Amino acid sequence: MDGHFREDFVRSPAGLKQHPALVLNADYRPLSYYPLSLWPWQDAVKAAWLDRVEIIAEYDEVVRSPSTVIRIPSVVVLKDYVKPQKRVAFTRFNLFLRDEFCCQYCGSKGDLTFDHVVPRAAGGVTSWQNVVAACSPCNLRKGSRSLRHSGLSLRKPPRAPAAEELRNMGRKFPPNHLHDSWMDFLYWDAELDA
């Protein structure tokens, strides 16, 4: 990896050529910011046909059937509110997002892996409170030793993030491509600069 770990970690936006639709909850907020809640255009058209979503914005491109011409939706809003999850899944991706895609020992942003603060060999468990993002050099330097014996220190103590905290963290890492029709719906509830 070349040091741009976040870009390498997320799949390339090849699917953007297929005109994805930004999916908003009934309160007009994205279902998720990172990864951004996107549906393939086919799912958006089907949901609109089944009256499950309202189309808010459309691409200039159309799809055709023998009897119908439909503009491809670029933003859809769910008609029924989906309650956001309160529990955050303990996944590698969410761990890196919590740690802002940087090593919790030295702060570097490339070549990330994860490390058990209290090594598993010493009884450490795999949990939010004991696992952090670490670059390979720091992970190798620490090995299966304690923080005290390795000479490393944590930038911040590891803890389980709240769902809203992780959603807000996701706003700091927008995808590589944002369609113009999505912009009004992505950051409307962000704090404005004074």
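Residues numbered from 1 in each chain as written. Predicted model: local features only at pLDDT ≥ 70, side-chain atom pairs only at ≥ 80, totals over all residues. Heavy atoms only, no water.

(A) Seen up close, the packing of aromatic side chains. Evaluation of the coordinates by the stated rule reveals two aromatic pairs. Ring centres of phenylalanine 93 and phenylalanine 101 lie 6.1 Å apart, and the angle between their planes is 70 degrees; this geometry places the pair in the edge-to-face category. Phenylalanine 101 matches phenylalanine 93 in its accessibility class, with the two residues each being buried. (Phe/Tyr/Trp six-rings, centres within 6.5 Å; stacked < 30°, edge-to-face > 60°. Buried < 20%, exposed > 50% of the residue type's maximum accessible area, 1.4 Å probe, protein only.)

(B) View of the confidence of the model for the protein. Confidence in the prediction for the protein averages 84 pLDDT; 85% of positions are at 70 or higher. Contacts from residues 5-16, a stretch scored under 50 in pLDDT, to residues over four places away or in other chains number 24 contacts. (pLDDT = per-residue confidence, 0-100. Contact = heavy atoms within 4.5 Å.)

(C) Molecular detail of the pattern of salt bridges. Per the stated rule, a full pass over the model turns up eight salt bridges. The partner of aspartate 51 in a salt bridge is lysine 79, and the shortest N-O contact between them spans 2.5 Å. Here aspartate 51, found in the loop between helix H2 (41-49) and strand E3 (53-64), pairs with lysine 79, found in the loop between strand E4 (69-78) and helix H3 (92-98); they are 28 residues apart in sequence, far enough to count as distant. Judged by its relative accessible area of 42%, lysine 79 falls in the partly exposed class. As a salt-bridge pair, arginine 98 and aspartate 99 come within 2.8 Å of each other at their nearest N and O atoms. Among the residues examined, aspartate 99 registers a relative accessible area of 2% and is labelled buried. Among the charged side chains, a salt-bridge network with shared partners connects Glu58, Asp60 and Arg71. (Salt bridge = Lys/Arg side-chain N within 4 Å of Asp/Glu carboxyl O. Helix = DSSP H or I, 4+ residues; strand = E, 2+ residues; numbered from the N terminus.)

(D) Examining the pairing of E4 more closely. Within E4, seven of the 10 residues are buried, which leaves the element mostly enclosed by the surrounding structure. Here strand E1 (residues 21-24) pairs with E4 via three bridges, running parallel. Bridged to leucine 22 within E4 is valine 75. Here E3 pairs with E4 via eight bridges, running antiparallel. Bridge pairing links glutamate 54 to valine 77 in E4. As consecutive antiparallel partners, E3 and E4 are separated by four residues. (Pairing = 2+ DSSP bridges.)

(E) Region of interest: the sheet that holds E3. Taken together, the four strands give an open sheet; going across it, the order is E2-E1-E4-E3, and neighbouring strands pair in mixed fashion. Single-partner strands in this sheet number two, and they are strand E2 (38-39) and E3.

(F) Quick peek at unusual backbone geometry. Of note, tyrosine 28 is a non-glycine position whose phi angle comes to about 70 degrees, a positive value. Here tyrosine 28 is to be found in the loop between E1 and E2. Looking at tyrosine 28, the relative accessible area reads 32%, which means it is partly exposed. Positive phi outside glycine occurs at aspartate 111, with the angle close to 55 degrees. Along the chain, the position of aspartate 111 falls in the loop between H3 and strand E5 (112-116).

(G) Region of interest: the state of the cysteines. Summed over all chains, the structure comprises zero disulfides. In this structure cysteine 102 is not part of a disulfide, and its nearest cysteine sulfur, from cysteine 103, lies 7.5 Å away. A relative accessible area of 10% places cysteine 102 in the buried class. (Disulfide = S-S within 2.5 Å.)

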